[in-house]
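Here are the chains, one letter per residue:
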Amino acid sequence: SNNNNNNNNDTDENNNNSNNSSSPGRSFSLKRFMKGALFGGKRDKDEVDAEVKREIEQVKHEIVWESTETDTGGEIVVTQHNGNNDLNKSSSSNIVTFQEDPQTRKEVIKLLNKARRAQYVHFRYEYAVKCYLKALDLLKQAEYPEDHPVALRTFVALNHAHTVLDSYKNSAHIVKMGMKYEDAGEWVRALKMYTIAYRIRSEVLGRGHPSLVVLLNLLGNIQIQRGELEEAMQIYELALKDEDEHDPSSSPTTSVDDNDSVEGAKASNTPNRALLARSVTYRDMGIIYEKWGDHEQALSMYHKSLDFLAEYKQINFRVHSSSATFEVDFPSLNPPPVSSVTVGEQQVLETASSIGMESAMDFPSRTTATANATGGDDGMEVLVGRSSEQDDLYRGKRKKESKSKSVTIFQASSDYDVFFPPELDEEMRRQRQAQDKKSKESRRQQSHQQNGDYADVDAALTLHQIAQLHRSQGEYNLALSAFTVSLRGMKYCVGRNHPNVAAILGNMGNLQKEMGDMDASFATYQQVLGIESYRLGLSHPDVAVTLHNIATIDAARGNHEHALALYRQVIALQRNLFGVNHVAVAVTCACMGDVYERVGDLHESIGCFEEAVRIKTIAMG
């Protein structure tokens, strides 16, 4: 479509109009804009600032824009003391004789310290504003002069907190718009929105804010989908650099002592690092290395991703590739949920909430990834985490030299069980039994309940990537082990009838077929068909993929008539979904021709192969 063609270009045609009056004759360059906004090129700073302002003006009519005119709780502006202000009606000559109430002073300083911890350590800006306002109210009641050091410091801190809060809310609105564009496939616009949000937050909230890693992950993920792997890798490396150089533990607490001084000391050494977001960074870097053909480096990235997930979940997960050893210390069946992971006195969630979004467990597509399908010569693959065309498009592109002998780090089939131990199977079985005893309506409501959290879903997705990597290298036992744990984890997190569970099962079925275990593969794909029929309906593209694979497996088992009947059903479904000349129809026709050849019906076989060639000639040239 025209939208997709525009999205894959670096020049956004929507910006080649009067909005670019500040730079006549020069079209908007997405790469130049992102480079200046993310990496801070001084030469393009003015141009980037102008572009950010233009984009903000364009989106203001679509969002609720917070500003000094917005009623957010009484912003205070510091003015010169004129002796007539309500806060203190005394003249400046009376300030020296002002006597503080020690109890009021103590309460004010306590509120200021709370506000600063909330703002700089826990990033709770609304709570910080409330504390500053309460402190000002106490100062007003105690008739503090407005140019008293504590009053002045409180005024300034409140104004700054208001500015930060407005920027936080505005950037959250921009991120929502970016997600809307991303869901619609408008990748250039989504990239611009995420870049603007990153620019706002890095300048106003500071480079140590945990949401910046999340925003960079969103940017990198879109660049992977667009095939801009080099740009994506640079973005992910920036995310890791920002995290290392601007750890929140280095943010100033700016606490106030009894002498009204602002301490320049660092915050206490808190584990408030974006561990979950960083695990996503490493996983996506692994995907890039895998596309480049560097499987050893890809596996290393996937294991680093699991390591950060383990730290987030308080699991001891360490891999030492040099000695090929594995340390496991799994203290309990159920790792602490997100709500129990605390930083200091405040609970921290490092996912959607850190960019101002809701933290409900309704896993968006960019986090859990829905299943997609791509054709092959003898079967079709179900993918989790990226679109169906990307593996074919970039496999083999910019392949790096890798060692001829892969390094196997995990030696035992139970190595990955640390994340989702086998005991979870029994727990899920008990849950199903309990549901079966309840009414139909109660079962329907409980079928959507989720046991895990974002970290668990990310662990399941990363394990799936590891399984696919081992499978591509012919390490089938390691692949099956990773698939098994990934499947267990995904069932535990999103329920046994979720499309992601079907996607993992489908790839397990493909692995079993490659291992020669056709009966196991057939049984696995029957589960896939049951889930997809229940959740997606019989006319969904994923159902066509599953039916195709079942037919291929049945043909390998010798059930040729049944396989041919399924292939006919698949072709009818594909023609209805994609059109009569779609390449997927050609793949299925070729498979039918192969089965006819096996049973000795050469006339039908030639007809199927000719139809496949005709369609591929039209579709691919």
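Residues numbered from 1 in each chain as written. Predicted model: local features only at pLDDT ≥ 70, side-chain atom pairs only at ≥ 80, totals over all residues. Heavy atoms only, no water.

Novice: What am I meant to see in unusual backbone geometry here?
Specialist: Of all residues except glycine, most have a negative phi; of all peptide bonds, most are trans. Phi at Phe123 takes a positive value of approximately 60°, unusual for a residue other than glycine. Within the element layout of this structure, Phe123 appears in the loop between α4 (102-120) and α5 (125-141). Not every positive phi belongs to a glycine, and Glu143 is a case in point at roughly 60°. Structurally, the position occupied by Glu143 is in the loop between α5 and α6 (149-183). (Helix = DSSP H or I, 4+ residues; strand = E, 2+ residues; numbered from the N terminus.)

Novice: Is there a simple way to think about the pattern of salt bridges in this case?
Specialist: Opposite charge on two side chains permits pairing when their charged atoms draw close. In total, this model carries 18 salt bridges according to the counting rule given. Among the salt bridges present, the one from Asp425 reaches Arg488, with a minimum N-O distance of 3.2 Å. Note that Asp425 is positioned in helix α14 (residues 423-436) and Arg488 in helix α17 (residues 476-494), a separation of 63 residues in sequence. Take Asp425: its relative accessible area is 37%, and that puts it in the partly exposed class. The partner of Asp519 in a salt bridge is Arg557, with the nearest N and O atoms 3.1 Å apart. Placement of Asp519 in helix α19 (residues 518-535) and of Arg557 in the loop between α20 (541-556) and α21 (560-578) is noted, with a sequence separation of 38 residues between them. (Salt bridge = Lys/Arg side-chain N within 4 Å of Asp/Glu carboxyl O. Buried < 20%, exposed > 50% of the residue type's maximum accessible area, 1.4 Å probe, protein only.)

Novice: What is the right way to look at the packing of aromatic side chains in this model?
Specialist: Given two aromatic rings, one states the distance between the centres and the angle between the planes to describe the pair. A complete count under the given rule lists three aromatic pairs for this structure. With centroids separated by 5.5 Å and ring planes inclined at 15°, the aromatic side chains of Tyr282 and Phe308 adopt a geometry described as stacked. Here the residue Tyr282 occupies a position in helix α10 (residues 275-291), and Phe308 occupies one in helix α11 (residues 295-312), the gap between them amounting to 26 residues. For the pair formed by Tyr282 and Phe308, the shared burial category is buried. One cation-aromatic arrangement involves Arg124 over Tyr127; the distance from NZ or CZ to the ring centre is 4.6 Å. Note that Arg557 overlies the ring of Phe522, its terminal NZ or CZ placed 4.3 Å from the centroid. (Phe/Tyr/Trp six-rings, centres within 6.5 Å; stacked < 30°, edge-to-face > 60°. Lys NZ or Arg CZ within 6 Å of the ring centre and 35° of its normal.)

Novice: What is the right way to look at α10 in this model?
Specialist: Counting along an α-helix, one turn takes 3.6 residues, and residues three or four places apart therefore face a common direction. Here α10 contains 17 residues, and its C-alpha end-to-end distance of 25 Å stays within 8% of the 24 Å for a straight helix at 1.5 Å per residue. With 17 of 17 residues buried, α10 lies mostly within the body of the structure. Just past α10, the residue Gly293 takes up positive phi, approximately 90°. (Expected span 1.5 Å × (residues − 1).)

Novice: For this particular structure, what's the right way to read the packing of α10 against α11?
Specialist: Helix-helix packing is characterised by the crossing angle of the two axes and by the distance between the axes. Running from amino to carboxyl end, α10 crosses α11 at an angle of 170°, the nearest separation of the two axes being 8 Å. When the axes of α10 and α11 are compared, the pair comes out roughly antiparallel. Taking contact as the criterion, the partners of Leu275, Leu276, Arg278, Ser279, Tyr282, Arg283, Met285, Gly286, Ile287, Tyr289 and Glu290 in α10 are, on α11, His295, Gln297, Ala298, Met301, Tyr302, Lys304, Ser305, Phe308, Leu309, Glu311 and Tyr312. Here the contact of α10 with α11 is built from residues that sort into 12 nonpolar, five polar and five charged. (Axes fitted to C-alpha atoms, helices over the stretch in contact; angles between N-to-C directions. Parallel < 35°, antiparallel > 145°, perpendicular 65-115°, else oblique. Contact = heavy atoms within 4.5 Å. Nonpolar A, V, L, I, M, F, W, Y, C, P; charged D, E, K, R; others polar.)

Novice: Could you clarify how one ought to interpret α17 in this entry?
Specialist: For α17, which comprises 19 residues, the first-to-last C-alpha distance of 26 Å matches the rise-based estimate of 27 Å (1.5 Å per residue) to within 8%. With respect to burial, α17 is a largely interior element, 14 of its 19 residues being buried. One or two residues past the end of α17 sits Gly495, with phi positive at roughly 95°.

Novice: Which parts of the structure should I look at to understand the packing of helix α18 (residues 499-514) against α19?
Specialist: For the pair α18 and α19, interaxial distance at closest approach is 8 Å and the crossing angle is 160°. Viewed along their axes, α18 and α19 adopt a mutual orientation that is roughly antiparallel. Viewed along their axes, α18 and α19 form a crossing whose handedness is left-handed. In contact with Pro499, Val501, Ala502, Leu505, Gly506, Met508, Gly509, Asn510, Gln512 and Lys513 of α18, α19 contributes Met518, Ala520, Ser521, Thr524, Tyr525, Gln527, Val528, Ile531, Glu532 and Arg535. Partitioned by chemical class, the residues of the contact of α18 with α19 number 10 nonpolar, seven polar and three charged. (Left-handed = near helix turned anticlockwise from the far one by under 90°.)

Novice: Would you explain the environment of Tyr282 in this entry?
Specialist: The class of Tyr282 is buried, set by a relative accessible area of 10%. Between the C-alpha atom of Tyr282 and that of Phe308, which follows or precedes it by 26 residues, the distance is 9.0 Å. Ignoring sequence-local partners within four residues, the contact set of Tyr282 consists of Leu240, Met301, Lys304, Ser305 and Phe308.

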